[in-house]
Amino acid sequence: MPPSSVPPETFERTLRVLGSCDRLRAVDGQLASYLEQTEVLACEPPRLRLGFEQGFMFERELTHPDAVAAILPHFVADFGAEASIEFVHTKAACTIGTVRNVLKERERQAQIEEITNHPRVKQVVETLGARIRQVVLPD
């Protein structure tokens with residue numbers, strides 16, 4: 001379920017490309033970081049339409065034919081051999097990176113809840129009258 005800060009249709013479209021972005025990140029982290037600054041506007045196999053704002057700092061690097069050729073193989077697994085990517089100018093309101101951060105925060109909150117609801121933690125709170133002030137998770 002998408003958070004209220006992300007439109008549901010954008011959230012669903014973006015979830016469909018995260019695996020491809022992860023595969024790209026494993027090979028070319030810089031190009032993947034540029035890609036994650038775009039918004040998924042359409043995601044109907046085999047077509048992927050990504051948007052970024054006019055004046056996007058890395059537009060040339062991302063839309064260069066060599067960059068597109070490097071990105072496409074990572075999307076073929078999810079979108080088929082006929083996969084294509086189109087870049088357009090738009091007001092990118094909810095980027096791939098934004099959705100990734102929302103998912104990370106959701107996971108972090110779930111971990112905190114799991115820890116605070118653990119039976120032994122609850123027992124310590126009840127027995128000693130302690131209270132949980134802060135839960136620090138490893139990075």
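Preceding block: the structure.
Residues numbered from 1 in each chain as written. Predicted model: local features only at pLDDT ≥ 70, side-chain atom pairs only at ≥ 80, totals over all residues. Heavy atoms only, no water.

**Overview of the overall build of the protein chain**
Consideration 1: Summing up its helical and strand segments, the protein chain has six helices and three strands in all.
Consideration 2: In sequence order, the secondary structure elements of the protein chain are arranged as α-α-β-β-α-α-β-α-α.
Consideration 3: Over its C-alpha trace the protein chain gives a radius of gyration of 20 Å, far above what one expects of a compact globule, namely 14 Å for 139 residues.
Consideration 4: Expressed as lengths along the three principal axes of its C-alpha atoms, the size of the protein chain is roughly 65 × 25 × 25 Å.
Consideration 5: Split into buried and exposed, the 139 residues of the protein chain put 32% on the buried side.
Consideration 6: Of the contacts formed within the protein chain by residues at least 6 apart in sequence, a portion of 68% connects residues at least 24 apart.
Consideration 7: Summed over all atoms, the accessible surface of the protein chain reaches about 8900 Å², with 52% contributed by carbon and sulfur. (Helix = DSSP H or I, 4+ residues; strand = E, 2+ residues; numbered from the N terminus. Rg over C-alpha atoms; globule rule 2.2 N^0.38 Å. Buried < 20%, exposed > 50% of the residue type's maximum accessible area, 1.4 Å probe, protein only. Contact = heavy atoms within 4.5 Å. Areas by Shrake-Rupley, 256 points an atom, 1.4 Å probe, with all protein chains shown as cover.)

**Quick word on the packing of aromatic side chains**
Consideration 1: Taken as a whole and assessed by the stated rule, the structure comprises five aromatic pairs.
Consideration 2: Residues F52 and F87 carry aromatic rings whose centres are separated by 6.0 Å and whose planes lie at 40° to one another, so their mutual orientation is tilted. Here F87 lies in strand β3 (residues 84–89) and F52 lies in strand β2 (residues 47–52), a separation of 35 residues in the sequence.
Consideration 3: Residue F52 is classed as buried on the basis of its relative accessible area of 2%.
Consideration 4: What makes F87 buried here is its relative accessible area of 18%.
Consideration 5: Centroid distance F75 to F79: 5.9 Å. Interplanar angle 40°. Geometry classified as tilted. (Phe/Tyr/Trp six-rings, centres within 6.5 Å; stacked < 30°, edge-to-face > 60°.)

**Thoughts on the pairing of β2**
Consideration 1: As defined by bridge partners, strand β1 (residues 39–44) adjoins β2 across five bridges and the pair is classed as antiparallel. By the bridge assignment for β2, E39 is matched with G51.
Consideration 2: Here β1 folds back onto β2, and the loop between the two strands holds two residues.
Consideration 3: As judged from the six bridges shared by β2 and β3, these two strands associate in the parallel manner. Each residue of the ladder has a partner; that of R49, found in β3, is E86. (Pairing = 2+ DSSP bridges.)

**Description of the pattern of salt bridges**
Consideration 1: In total, this model carries seven salt bridges according to the counting rule given.
Consideration 2: Residues R25 and E36 are paired through a salt bridge, measuring 3.0 Å at the closest nitrogen-oxygen approach. Here R25, found in helix α1 (residues 8–27), pairs with E36, found in the loop between α2 (29–35) and β1; they are eleven residues apart in sequence, far enough to count as distant.
Consideration 3: Residue classification places R25 among the partly exposed residues on the basis of a relative accessible area of 35%.
Consideration 4: With relative accessibility at 7%, the residue E36 sits in the buried group.
Consideration 5: Linking E86 and R49 is a salt bridge whose minimum nitrogen-to-oxygen distance equals 3.7 Å. Residue E86 is located in strand β3, and its partner R49 is located in strand β2; the two are separated by 37 residues in the primary sequence. (Salt bridge = Lys/Arg side-chain N within 4 Å of Asp/Glu carboxyl O.)

Spatial relationships are all this shows, so hold off on functional conclusions.
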